[in-house]
Amino acid sequence: MLKIIPGWQVKLLDANHIQTTGISSLELMERAAKGFVDWWNGKGFDHSAPVNIFCGAGNNGGDGFAIARLLDTSGFKVSVLKCFDESAKLSSDALVNFKLLPDGIRVMDWNEFDKSKDGIVVDAFLGVGLTGELRSTAKAIIQKINSFDGKVISVDIPSGLPSDDLLSGACVRADFTVTFAFPKLSLLFPEHAAVTGELILVDIGIADTEYDLFDSTSYYLRKEDVPFFHRKFHRFSHKGDFGKVLIVAGSEGKMGAAILSCKAALRSGSGLVTALMPKSERQIIQIAVPEAMCQFELPTDLSRFDAIGIGPGLGVMGKSALLESIFHRFKNPMVIDADALTILSENPDLVHLIPKGSILTPHLKEFDRLLGDTSNHLARLEKAADFCRSLELNLLIKGANSVICLADGRQVFNSSGTPYMATGGSGDVLTGMLTSFLGQGYSSANAMFCGVYHHGLAGEIAGEHYLRGTIASDLIDAIPETFVQLGIS
Ligand SMILES: NC(=O)C1=CN([C@@H]2O[C@H](COP(=O)(O)OP(=O)(O)OC[C@H]3O[C@@H](n4cnc5c(N)ncnc54)[C@H](O)[C@@H]3O)[C@@H](O)[C@H]2O)[C@@H](O)CC1
Ligand SMILES: [K+]
């Protein structure tokens, strides 16, 4: 996993990399620019569209000059818009790249930008070096960029956005943000989604181990990290090794949730899935998921199950006693979602009975109901950290870039997923997947890394086919393909 460090420490990260590898800071800037242009070329932008690059006087602007040169070489019609006056002192690497601009590139003042013309704007005005309140000219430049109707692509971070804090002033509204080395924390906050747009991470050759020098509890979970967290099974493995799980879900009119959880658990590799559900609804699940067994009363001995997932479609009325009995009878980590979370928020004493190491999966509203109202993501992350540490529980804050908050204090932001997953039943699928991995003997942390990443990837695969027509069942159908893509047998 990639550590997320504060923006002000980027200079230290770079300095250390330069010292240990012997490369120059200019080469690092060139790698950033190359990485940006590689992504750009992959997008297949129209070559006839003029590219207007707003460049500041710092290294963010330096990236912009280097990008301008590389895009010019690729055959794009590039203009550079200087966001500094004649008296400004450019950073040394920015100055080198400014001087390297080919003759064919038109260099203008930012206020000469004609927003009515077509094209693409690249925002290389301010990066992680932003400090304090925006100066008035900076606000005017940001306004100018935002007055443009076409595509805006921010380099490293949308100009004006503080790297680790909440946005309080003006900021470029980007369609894409191409960030370097690691995602800056603020790019992962839901309240900044409208300014960040789609987030792309470009590797500039800094090894994960180079982050060991920095203290941080925030991490980013990438595709390449996930195989490491999976258990390996061998040819003598039998269905018992793949776990026996109990899914406590469904009620009259809400059996779909139970079906989705059970199917997702099976598709994620569970050996045996039992559904605890009302007897009156048994035909629905037995027809929809013939592989699942049914149970209509809570068994006295729950120790025969390796993991339990509870909540989807369960209903709330009169169910707190059931939850309490399960907490008393089962001592291993379980997955707690949906209606079970609502029951907990209405019966806060029950929270202390939850088996240690369990996984709670609230979306933002459920989070607020359970832990109290939070006004922003930063406050939410802090609250979640306290909750997890003090109760020895794990919590997933669901949303874009869902955050895996672990009892050991780490907070891991997921990178997979798509807005097409915002559809009824998507959470029920996740509950089944997480329960499945727990049942297969994964630690709670590893079950979360794998479950959350595969769930997001399943959404991406399904979303590619069905776009906004994606439904939760499509995610289940895509689970096997997630294993293929990650090389997990
Ligand atoms: N390891 C990495 O992540 C790398 C980062 N690079 C780039 O370097 C950037 C950081 O460069 P710098 O540290 O030079 O900083 P920036 O270029 O982000 O910002 C410095 C500039 O912002 C202006 N500024 C600061 N606060 C302001 C305010 N409140 N109002 C108006 N103007 C303000 C300063 O006068 C200066 O011109 C990154 O964002 C990234 O784009 C790359 O060049 C290479 C590697
Ligand atoms: K920028």
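Under the annotation held in an unreviewed UniProt entry, the chain carries the name Bifunctional NAD(P)H-hydrate repair enzyme and is attributed to Algoriphagus boritolerans DSM 17298 = JCM 18970. Quoted straight from UniProt, the Subunit (unreviewed entry) entry for the chain says "Homotetramer."

What to know about the overall build of the chain
Summing up its helical and strand segments, the chain has 15 helices and 18 strands in all. Whereas a compact globule of 489 residues would reach a radius of gyration of roughly 23 Å, the chain reaches 25 Å, a difference of no more than 12%. C-alpha atoms of the chain, sized along the principal axes, occupy 80 × 45 × 40 Å. Within the chain, the fraction of its 489 residues that count as buried is 55%.

Focus on the coordination of the potassium ion (ligand 2)
In this structure, Asn60 (OD1), Asp123 (O), Leu126 (O), Val155 (O), Ile157 (O) and Ser159 (OG) serve as the protein donors to the potassium ion (ligand 2), at separations of 2.6 to 3.1 Å. Around the potassium ion (ligand 2) sit six donor atoms; with metal-centred angles ranging over 67 to 176°, the donor geometry is irregular. Expressed as a motif, the donor residue spacing for the potassium ion (ligand 2) is N-x62-D-x2-L-x28-V-x1-I-x1-S. The burial state of Ile157 is the same as that of Ser159; both residues are buried.

Observations regarding the domain arrangement of the chain
According to the domain assignment, the chain consists of domain 1 (10-214) and domain 2 (227-486). For domain 1 and domain 2, the distance between their C-alpha centres works out to 39 Å. Listed as interface residues are eight residues of domain 1 and, on the opposing side, seven residues of domain 2. Joining domain 1 to domain 2, the criterion identifies zero salt bridges. Run the count over domain 1 and domain 2 and you get one residue pair in polar contact (both at pLDDT 80 or more). Here the residues of the side of domain 1 that touches domain 2 sort into five nonpolar, no polar and three charged.

Let's talk about the site of ligand 1
If you check the shell around ligand 1, you find 24 residues, and the closest are Lys11, Asp14, Asp63, Gly127 and Asp156. Side-chain polar atom of Lys11 to an oxygen atom of ligand 1: 2.6 Å apart, as the coordinates give it. Separating an oxygen atom of ligand 1 from a side-chain N or O atom of Asp156 is a distance of 2.6 Å. Protein coverage of the free-state accessible area of ligand 1, which is 870 Å², stands at 87%. Assessed atom by atom at 2 Å from the grid points, ligand 1 resides in the second largest pocket. Elements that contribute at least two residues to the shell around ligand 1 include exactly α1 (10-21), α2 (25-43) and α3 (59-73). A class-by-class count of the residues in the shell around ligand 1 yields 11 nonpolar, seven polar and six charged.

Rules and cut-offs
Residues numbered from 1 in each chain as written. Chains lettered and ligands numbered in written order. Predicted model: local features only at pLDDT ≥ 70, side-chain atom pairs only at ≥ 80, totals over all residues. Heavy atoms only, no water. UniProt positions renumbered as here; feature names shortened; annotations may be inferred. Helix = DSSP H or I, 4+ residues; strand = E, 2+ residues; numbered from the N terminus. Rg over C-alpha atoms; globule rule 2.2 N^0.38 Å. Buried < 20%, exposed > 50% of the residue type's maximum accessible area, 1.4 Å probe, protein only. Donors = N, O, S within 2.8 Å, 3.2 Å for Na, K, Ca; no water. Tetrahedral: all angles 85-135°; square planar, octahedral: opposite > 155°, others 65-115°. Domains from an automatic or database assignment. Contact = heavy atoms within 4.5 Å. Salt bridge = Lys/Arg side-chain N within 4 Å of Asp/Glu carboxyl O. Polar contact = N/O pair within 3.5 Å; in protein donor to acceptor, adjacent residues only side chain to side chain. Nonpolar A, V, L, I, M, F, W, Y, C, P; charged D, E, K, R; others polar. Near = heavy atom within 4 Å. Areas by Shrake-Rupley, 256 points an atom, 1.4 Å probe, with all protein chains shown as cover. 1 Å grid on protein atoms, 1.4 Å probe; cavity = no way out; pocket = protein on both sides within 12 Å on 5 of 7 lines; lining within 4 Å. Sits in = over half its atoms within 2 Å of the grid points.

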